[in-house]
Amino acid sequence: MSQANLTRYAWLSIATAFFTLGLKIVAYWMTNSVGMLSDAIESIVNVGAAVMALTMLNIAARPADDDHAFGHSKAEYFSSGFEGALIFVAAISIIGAAWPRLFHPQPIEAFNWGFAVSLLASAFNLITSLILFKAAKKYNSITLEADAHHLMTDVWTSIGVLIAIIAIALTGWYVLDALIAIAVALNILWTGWSLLYRSVAGLMDAALPYAEVEQIKHILDNYSHEHGIIYQNLKTRQAGARKFISVHILVNGNWSVQQGHDLVDIIETDIEQQIQGCHVLTHLEPIEAPSKHHF
């Protein structure tokens, strides 16, 4: 699937965000629960995050041009970073809304209806999140992954709120409403931090994950044993869904240019077939006089 076609998942996220936001506002209106209010705040953030994801996916899908020879795939990191920041904002907003209720607890109203509406909203978020996680893994999209994480934090928020409401109904301890809301806010901060960290790492051209680098080395080792070549100066980086690999291939100096070129073509094709979404750049050199210049 092309990058442009991934926008259908962003539209799914937007539709879910608006639908669940409406449900949670109704649940808060029914119950007057600060936990329900915190859940609604999280959904407001989901709407903004989903719109941002759609925007960045459209930018990332643009073809390479004179000013962006390697494409626009890094735009995805802006989306994931924005979502991470929004999660921080949501967590702080939830704590701000819950803090006064620690000292002035209030009873929960219309328990049964509020519970049912919130549960329905959580089910929609969970289903959409699982769909986005699957698509993110299949198409290697950090934007969809960030959106999926964001929706999943909303699910956990809702679960925490629902647990609090059940506990309040059983015990009459209204302060649990605020305590659970604050606990959920502190928990989702970790997801926000993780998304921000990955976004910064991507913008700083961090290397591919260790497992993929080792896979590349294994492929090169096989050609080294079979053809007597040496490889040096292996470098990797990731830009959104695209991965870039560069390596020096040293061959026998008696080989013809055509012979060396044919081999590196095979090596590049092999790596690109085994590492999804990668672009390989090789630099051919004679073993007897390797280049002192590195790129």
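For the structure itself, look to the data block above.
Quick look at the structure, then. (Residues numbered from 1 in each chain as written. Predicted model: local features only at pLDDT ≥ 70, side-chain atom pairs only at ≥ 80, totals over all residues. Heavy atoms only, no water.)

A look at the overall build of the chain
From N to C terminus, the chain includes eight helices and three strands. Reading the secondary structure of the chain in the N-to-C direction produces α-α-α-α-α-α-α-β-β-α-β. On the principal axes, the C-alpha backbone points of the chain span a range of 85 × 30 × 30 Å. Counting all 295 residues of the chain, 46% fall into the buried class. On the chain, the mean spot of the 15 positive side-chain charges and the mean spot of the 24 negative ones are 3 Å from each other. (Helix = DSSP H or I, 4+ residues; strand = E, 2+ residues; numbered from the N terminus. Buried < 20%, exposed > 50% of the residue type's maximum accessible area, 1.4 Å probe, protein only. Lys, Arg positive; Asp, Glu negative; His and termini not counted. Charge placed at Lys NZ, Arg CZ, Asp CG, Glu CD.)

Some thoughts on the sheet that holds strand S2 (residues 242–251)
Spatial ordering of the open sheet is given by S1-S2-S3, a layout of three strands whose pairing is mixed. Two strands lie at the open edges of the sheet, namely strand S1 (230–239) and strand S3 (278–286), each paired on one side alone. Within the sheet, the average angular offset between the axes of one strand and its neighbour, ignoring direction, is 10°. Helix H8 (residues 257–274) rests against S2 and S3 of the sheet, and its axis sits at about 155° to S3. (Pairing = 2+ DSSP bridges. Axes fitted to C-alpha atoms, helices over the stretch in contact; angles between N-to-C directions. Contact = heavy atoms within 4.5 Å.)

Here's the deal with the packing of aromatic side chains
Using the criterion set out here, one finds two aromatic pairs in the structure. Arranged with centres 5.6 Å apart and planes meeting at 70°, the rings of Trp-99 and Phe-103 form a pair that is edge-to-face. On the criterion of helical spacing, the pair formed by Trp-99 and Phe-103 is a turn pair, its members being four residues apart in helix H3 (residues 75–103). The class of Trp-99 is partly exposed, set by a relative accessible area of 48%. When the ring centre of Phe-244 is taken as origin, the NZ or CZ atom of Arg-237, which lies over that ring, is 4.2 Å away. (Phe/Tyr/Trp six-rings, centres within 6.5 Å; stacked < 30°, edge-to-face > 60°. Lys NZ or Arg CZ within 6 Å of the ring centre and 35° of its normal.)

Remarks on the nonpolar core
Judged by nonpolar contacts, the single largest core of 18 residues is most densely connected at Ile-216, Leu-220, Ile-229, Ile-245, Ile-249, Ile-267 and Ile-271. The dominant element in this core, judged by the number of residues it contributes, is helix H7 (residues 210–227), at five residues. Not counting residues up to four positions away in its chain, the partners in contact with Leu-220 are Tyr-231, Leu-234, Val-247, Ile-249, Ile-267 and Ile-271. Within the second largest apolar cluster, 14 residues are counted, among which are Ala-10, Ile-14, Ala-50 and Tyr-139. (Core = buried A, V, L, I, M, F, W, Y, C linked by side-chain atoms within 4.5 Å.)

Comments concerning the pattern of salt bridges
What the rule picks out here adds up to two salt bridges. Lys-243 serves as the salt-bridge partner of Glu-212, at 2.6 Å between the closest nitrogen and oxygen. Residue Glu-212 is located in helix H7, and its partner Lys-243 is located in strand S2; the two are separated by 31 residues in the primary sequence. Glu-212 gets classed as buried once you look at its relative accessible area, which sits at 18%. Lys-243 sits in the buried class, given a relative accessible area of 5%. Here Lys-217 and Glu-214 are joined by a salt bridge, their closest N and O atoms 3.8 Å apart. (Salt bridge = Lys/Arg side-chain N within 4 Å of Asp/Glu carboxyl O.)

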